[in-house]
Amino acid sequence: MNALYLIPRTLWKIFFLLNFLIGLLLLFPVFYILLSREAWFPKAMIVKRFWAHWILGVPGIFISVTDKAQIKSVQQPRIYCANHCSYLDVIISYIILPDYFVFMGKAELLNAPLINRFFTKGMDIAVERKSRIGSHQAFMRAGKEIDKSHSMFIFPEGTLSSEGKLRGFKNGAFKLAIEKQSPVVPITFINNWKLLQNGGFFKAYGRPGIARVIIHEPISTRGFTDADLVYLLNKTHAAILSGLE
């Protein structure tokens, strides 16, 4: 049965890739200029949002968002914490979130073909997961971004799941939230992995459809201390998991 889907799945992914590349070629000069100065990063964000709509709309991926947080009313800066099940997660984030934010992700994303046009050195924060010093420096910079009133977007699993399974969380995002007394906004990407799955080009899923997302109610960290870290981590994990169940 899977063989019946192989040809249309492959053709769709080729079309998705070509559409991505066309957008990249046309917008590359704009990104080159806007990413050259920090003062222009908010304008680069606007272009990324436009490109994200282009990347998804042309091949037929649409977004359905359940916004339990009423996100525009939530205190800023915010720390968005989401599950990570597809490279679509990064692209969709630019569409569903209204404010300027900074991605924190594994350094390998800087070398990921094409997606590194969204996760960009300078504008975003790359974490060297195998280096304690590198990780510390990344979170120090994240703190400075929050001090500038810039929200952060973090995948607390620290890795990409190919089948939508939620894994355990690392502490960094929650230490940061407590230190800066910033609210945590859990986000569940429900089915992105079924639309564009990480894995082999021919075997992995790829198709048009509706990407379903839940923005959960924010979790206030006002008055929290390090003693509340495990509680905050578990509450965020439970909120994201509830969207998958």
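Notes on the structure follow. Fair warning: this is a prediction, and the values are worked out from it, not measured in the lab.

Moving on, we get to the overall build of the chain. From N to C terminus, the chain includes seven helices and seven strands. Taken from N to C terminus, the helices and strands of the chain fall in the order α-α-β-β-α-β-β-α-β-α-β-α-β-α. On C-alpha atoms alone, the chain measures out to a radius of gyration of 18 Å, which is about the 18 Å that the 2.2 N^0.38 rule sets for 245 residues. The buried share of the chain, reckoned over its 245 residues, is 51%. Excluding contacts between residues fewer than 6 apart, the proportion of contacts in the chain whose partners are at least 24 apart in sequence is 74%. A total accessible area of about 12,200 Å² is found for the chain, and carbon and sulfur atoms account for 59% of it. Positive and negative side-chain charges of the chain, numbering 29 and 16 respectively, have mean locations separated by a distance of 6 Å.

By size, the foremost hydrophobic cluster in this structure holds 69 residues, and its most contacted members are F16, M152, F153, I187 and F189. It is helix 2 (residues 41-57) that provides the largest number of residues to this core, a total of eight residues. Residues contacting F153, with those up to four places away along its chain left out, are Y80, A82, S93, L97, F101, V102, F103, M104, I187 and F189.

For the rest of this paragraph, the subject is the sheet that holds strand 4 (residues 125-127). Taken in spatial order, the seven strands of this open sheet run 1-7-6-2-5-3-4, and their pairing is mixed. Looking along the sheet, the strands with just one partner apiece sit at the ends: strand 1 (61-67) and strand 4. Adjacent strand axes in the sheet meet at a mean angle of 25° when their direction is disregarded. Both strand 2 (residues 79-82) and strand 6 (residues 184-189) contribute to a ladder of four bridges, which runs parallel. Of the residues in strand 6, the one forming a bridge with I79 is V184. Against the sheet, helix 2 contacts strand 1 and strand 3 (101-106), and its axis sits at roughly 120° relative to strand 1. Here helix 5 (residues 172-180) sits on the sheet in contact with strand 2, strand 5 (151-154) and strand 6, set at roughly 160° to strand 2.

Rules used throughout
- In this numbering scheme, every chain counts its residues from 1 along its sequence in written order.
- Only residues with pLDDT of at least 70 get local features here, since the model is predicted, and only at 80 or more are side-chain atom pairs given and counted; chain-wide, interface and lining totals rely on the full set of residues.
- The side-chain numbers reported here are obtained from all heavy atoms of the structure, hydrogens and water having been left aside.
- Secondary structure follows DSSP: runs of H or I at least 4 residues long count as helices, runs of E at least 2 residues long count as strands, and numbering of each begins at the N terminus.
- Radius of gyration: C-alpha atoms only; globule rule: 2.2 Å multiplied by the number of residues to the exponent 0.38.
- Relative accessibility under 20% of the residue-type maximum defines a buried residue, over 50% an exposed one, and the middle range a partly exposed one, all with a 1.4 Å probe and only protein chains included.
- Contacts: residue pairs with any heavy atoms within 4.5 Å of one another.
- Shrake-Rupley sampling with a 1.4 Å probe provides the accessible areas, and residues are treated as covered by the protein chains on show and by no other component.
- A residue counts as positive if it is Lys or Arg and as negative if it is Asp or Glu; His and the chain ends are not included.
- In this description, the location of a charge corresponds to atom NZ of lysine, CZ of arginine, CG of aspartate or CD of glutamate.
- The set of buried Ala, Val, Leu, Ile, Met, Phe, Trp, Tyr and Cys residues whose side-chain atoms join them within 4.5 Å is what this entry labels a nonpolar core.
- Think of it this way: DSSP has to see at least two bridges between two strands before they count as a pair.
- The axes used here are C-alpha line fits, helices contributing only the stretch in contact, and every angle between their N-to-C directions lies in the interval 0 to 180 degrees.

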